[in-house]
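The chain contents come next:
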Amino acid sequence: MKKFLIAAAMLLLGWAASAQVHIGGGYNWQTLAQSGSDAYWSLHGAYAGASFNIKVNKYVGIAPGAYFIWATGPVREKKQPAPDTAFGLDMMELQIPLNVTFGVEVGSAGKLFIYAGPAFNVGLSAKLYAYYKNDFINKRKDTLSDNLFGDLGDDSGDTINLKRFDTKIGVGIGYRIKFFELNAGYDFGLLNMSKNSGDKLHQNTLHAGFAFCF
């Protein structure tokens, strides 16, 4: 047993020594679509955080991480132009991905890679506000509601109540040149985020950004 623990500790130390830290951020676009309805939330924002790419072999790695995500935008109707006035939604979340990466050298300095894996989201804040296209900043500050991840009213559908936890499956692609990396990906929301009876609300995210690798 003692030899096994020592061997496991040495293996973990070896993995930690080969781990590469990625610190970065970028743009994200989120949609929260309700089943049986043409209405959906279209949210634009940014993310920032870090991950650790632990090499398993020359091609494969495991990359756990943590990212702060903020996004905001109005409710829209499918196949309709962006509204001048509507209800807006302001969201902040923490995302903890656990990806498996596969990369190959391309040329003398670059590396092309793909990744996939689950991501666990924790809702920090979600607030409604009055959206006015021509006066977005001031009206948003003046009309922010209470946190929708709490319990606002009942579950009859008259109010919006959101579940705090979500699980996603993410896929993506990227290119790394020495210490700089460009990447893009898409996260598919698996869980129903609505607490309202009979409602189904799923969140999907498109993101693109950069990272510095150490």
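Residues numbered from 1 in each chain as written. Predicted model: local features only at pLDDT ≥ 70, side-chain atom pairs only at ≥ 80, totals over all residues. Heavy atoms only, no water.

### Quick look at the overall build of the protein chain
- For the protein chain, the count of helices and strands is two helices and eight strands.
- Going from the N terminus to the C terminus, the protein chain shows its helices and strands as α-β-β-β-β-β-α-β-β-β.
- Within the protein chain, the proportion of its 214 residues that are buried is 36%.
- Restricting to contacts in the protein chain with at least 6 residues of sequence separation, those with at least 24 account for 61%.
- Accessible surface, the protein chain as shown: approximately 12,100 Å² in total, 67% of it carbon and sulfur. (Helix = DSSP H or I, 4+ residues; strand = E, 2+ residues; numbered from the N terminus. Buried < 20%, exposed > 50% of the residue type's maximum accessible area, 1.4 Å probe, protein only. Contact = heavy atoms within 4.5 Å. Areas by Shrake-Rupley, 256 points an atom, 1.4 Å probe, with all protein chains shown as cover.)

### Section: the confidence of the model for the protein chain
- Taken over all residues, the pLDDT of the protein chain has a mean of 86, while the share at 70 or more is 85%.
- The secondary-structure element of the protein chain with the lowest mean pLDDT is helix 1 (residues 2-18), recorded at 50, while strand 7 (residues 180-189) shows the highest, at 97.
- Ignoring residues within four places in sequence, the model shows residues 7-15, a span with pLDDT below 50, making two contacts including any to other chains.
- Low pLDDT (under 50) marks residues 153-158, which in the prediction has nine contacts with non-local residues, meaning those over four places away or in another chain. (pLDDT = per-residue confidence, 0-100.)

### Here we look at the sheet that holds strand 3 (residues 60-77)
- Read around the closed barrel, eight strands run 1-2-3-4-5-6-7-8, paired in antiparallel fashion. The mean angle between the axes of side-by-side strands here comes to 20°, regardless of whether they run parallel or antiparallel.
- Here strand 4 (residues 85-106) runs beside strand 5 (residues 110-132); their pairing, made up of 20 bridges, is antiparallel. Among the inter-strand pairings, Gly 103 is bridged to a residue of strand 5, identified as Phe 113. (Pairing = 2+ DSSP bridges. Axes fitted to C-alpha atoms, helices over the stretch in contact; angles between N-to-C directions.)

### Some words on the environment of Ser 35
- Mapping Ser 35 onto the fold places it in the loop between strand 1 (20-34) and strand 2 (39-55).
- Residues Ser 35 and His 202, 167 residues apart in the sequence, show an inter-C-alpha distance of 8.4 Å.

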